[in-house]
Amino acid sequence: MSHGMAKIPTVTGEISPDEMGVTLFHEHLRLITEVVRWNWPHLYNEDEEFRRAVDAVNAAKRYGVRTIIDLTVAGIGRDVKFNERVARATGINIIMGTGFYTYTEIPFYFKNRGIDSLVDAFVHDITVGIQGTNVRAAFVKAVIDAPGLTKDVEFAIRAAAKAHIKTGVPIITHTFVGNKSSLELIRIFKEEGVDLARTVIGHVGDTDDISFIEQILKTGAFIGLDRFGLDIYLPLEKRTKTLIELIKRGWIDQILLSHDYCPTIDWYPHEEVVKLVPNWSMTLIFEKVIPTLRSEGITEEQINKILIENQRKLFTGK
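Because the structure is a prediction, the values reported are computed rather than measured.

Some remarks on the overall build of the protein chain
- Within the protein chain, the regular secondary structure consists of twelve helices and eleven strands.
- For 318 residues, the compact-globule estimate of 2.2 N^0.38 gives 20 Å, and the protein chain sits close to it at 18 Å.
- Taking the principal axes of the C-alpha coordinates as reference, the protein chain spans close to 55 × 45 × 35 Å.
- A burial count over the protein chain gives 58% of its 318 residues as buried.
- With an accessible surface of roughly 13200 Å², the protein chain has 51% of that area assigned to carbon and sulfur atoms.
- Within the protein chain, the 42 negative side-chain charges are centred at a point lying 2 Å from the centre of the 38 positive side-chain charges.

Description of the pattern of salt bridges
- For the coordinates displayed, the defined rule picks out 29 salt bridges.
- As a salt-bridge pair, Glu 46 and Arg 85 come within 3.5 Å of each other at their nearest N and O atoms. With Glu 46 in helix H2 (residues 46–61) and Arg 85 in helix H3 (residues 80–90), the pair connects residues that are 39 residues apart, well separated along the chain.
- Since its relative accessible area comes to 31%, Glu 46 is described here as partly exposed.
- For Arg 85, a relative accessible area of 36% corresponds to the partly exposed category.
- We note a salt bridge from Arg 158 to Glu 154, for which the minimum N-O separation is 2.9 Å. Pair noted here: Arg 158 and Glu 154 are both in helix H6 (residues 151–167), with a separation of four residues, about one helical turn.
- The class for Arg 158 is buried, based on a relative accessible area of 15%.
- The class for Glu 154 is partly exposed, based on a relative accessible area of 24%.
- Bridged by salt links that share partners, the residues Glu 154, Arg 158, Lys 162, Glu 184, Arg 187, Glu 191 and Glu 192 form one connected network.

A word on the sheet that holds strand S4 (residues 65–70)
- As summarised here, the arrangement of the three strands in space is S3-S4-S5, forming an open sheet in which the pairing is parallel. At either margin of the open sheet sits one strand with a lone partner, and together these are strand S3 (22–27) and strand S5 (93–95). On average, each strand axis in the sheet is tilted by 20° relative to the strand beside it, whichever way the strands run.
- As paired strands, S3 and S4 are joined by four bridges and run parallel to one another. Looking at S4, one finds that Glu 27 is bridged to Asp 70.

Some points on the side chain of Gln 254
- As for its position among the elements, Gln 254 is in the loop between helix H9 (236–248) and strand S11 (255–257).
- Overall, Gln 254 belongs to the buried group, its relative accessible area being 15%.
- Polar contacts involving the side chain of Gln 254 include one to the main-chain carbonyl oxygen of Ala 221, which spans 2.8 Å.
- With near-sequence residues (within four places) excluded, Gln 254 lies in contact with Leu 217, Gly 220, Ala 221, Phe 222, Ile 223 and Asn 310.

So, H9
- Taking 1.5 Å per residue as the helical rise, H9 with its 13 residues ought to reach 18 Å, and the 18 Å between its terminal C-alpha atoms agrees with that figure.
- Three or more residues of H9 are buried, namely Leu 236, Arg 239, Thr 240, Thr 242, Leu 243, Ile 244, Leu 246 and Ile 247.
- Packed against the buried residues of H9 are helix H8 (210–217), strand S10 (222–225), S11, helix H11 (284–295) and helix H12 (300–316).
- One or two residues past the end of H9 sits Gly 250, with phi positive at roughly 95°.

Scoring rules and cut-offs
Residues numbered from 1 in each chain as written. Predicted model: local features only at pLDDT ≥ 70, side-chain atom pairs only at ≥ 80, totals over all residues. Heavy atoms only, no water. Helix = DSSP H or I, 4+ residues; strand = E, 2+ residues; numbered from the N terminus. Rg over C-alpha atoms; globule rule 2.2 N^0.38 Å. Buried < 20%, exposed > 50% of the residue type's maximum accessible area, 1.4 Å probe, protein only. Areas by Shrake-Rupley, 256 points an atom, 1.4 Å probe, with all protein chains shown as cover. Lys, Arg positive; Asp, Glu negative; His and termini not counted. Charge placed at Lys NZ, Arg CZ, Asp CG, Glu CD. Salt bridge = Lys/Arg side-chain N within 4 Å of Asp/Glu carboxyl O. Pairing = 2+ DSSP bridges. Axes fitted to C-alpha atoms, helices over the stretch in contact; angles between N-to-C directions. Polar contact = N/O pair within 3.5 Å; in protein donor to acceptor, adjacent residues only side chain to side chain. Contact = heavy atoms within 4.5 Å. Expected span 1.5 Å × (residues − 1).

Here is the structure:
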């Protein structure tokens, strides 16, 4: 079993697990394509990106959110200085992580130096600091998507598992329900000796296949019902119905909620994102989901479990 964390690093200093409060465990303050940003900065507006991030975080804060875990890692524009600015402007705890976001390949830098080079990079972020700062990563991210388990994707997943073993930080994942790739992740984690109770299998809420979700839950991992508002993958009503059914089946200790919201995502023009997913935000869970839970007889104690206690347990291990 991996050891839990007594203190959790944020971009503005360490907090105790009890200070996390209501926590959105899988969000983004900004998601950008690094190679484009590096080469063509004129295509971006940092002031606008900052304003959108602050507005999104402040909206969540008005619903009592105290901590946001930013799942932006290498590959999609992780920026510790940007996050620190947002944290100071809003007063919210922002937790960052390490990991490499890819669906297919990893950079030649790591590929040609072997897996330990990537493990060491992750461990550096966790034990020393991110991007030359003393802000430490509090988790490691592993990613698998539609292309499935490519050689490089497996390389990055095993590196994340090894970093978890070395440091004791939890693993939070991105998976794709269309090919049930989360089962591959779990298999690799088991081979690497990962404590599954310290992992989150992310984006499982994109399906309402309860038997598949329970297959994951039976391993002891947390599940991320973490894309509320992304109706293009699964409508809100089905996501909420799945959540209620899982609570009624007794899985409440392993459920985490979030939106995977990106105030800025440069994969599409901003106006297109707004048109495609008009209800996507950092507040939809509080506006629509929690009231539905209450009307279905879910208690305040149960709601606190999926918004506060489970997130804390992911980090502390207890």
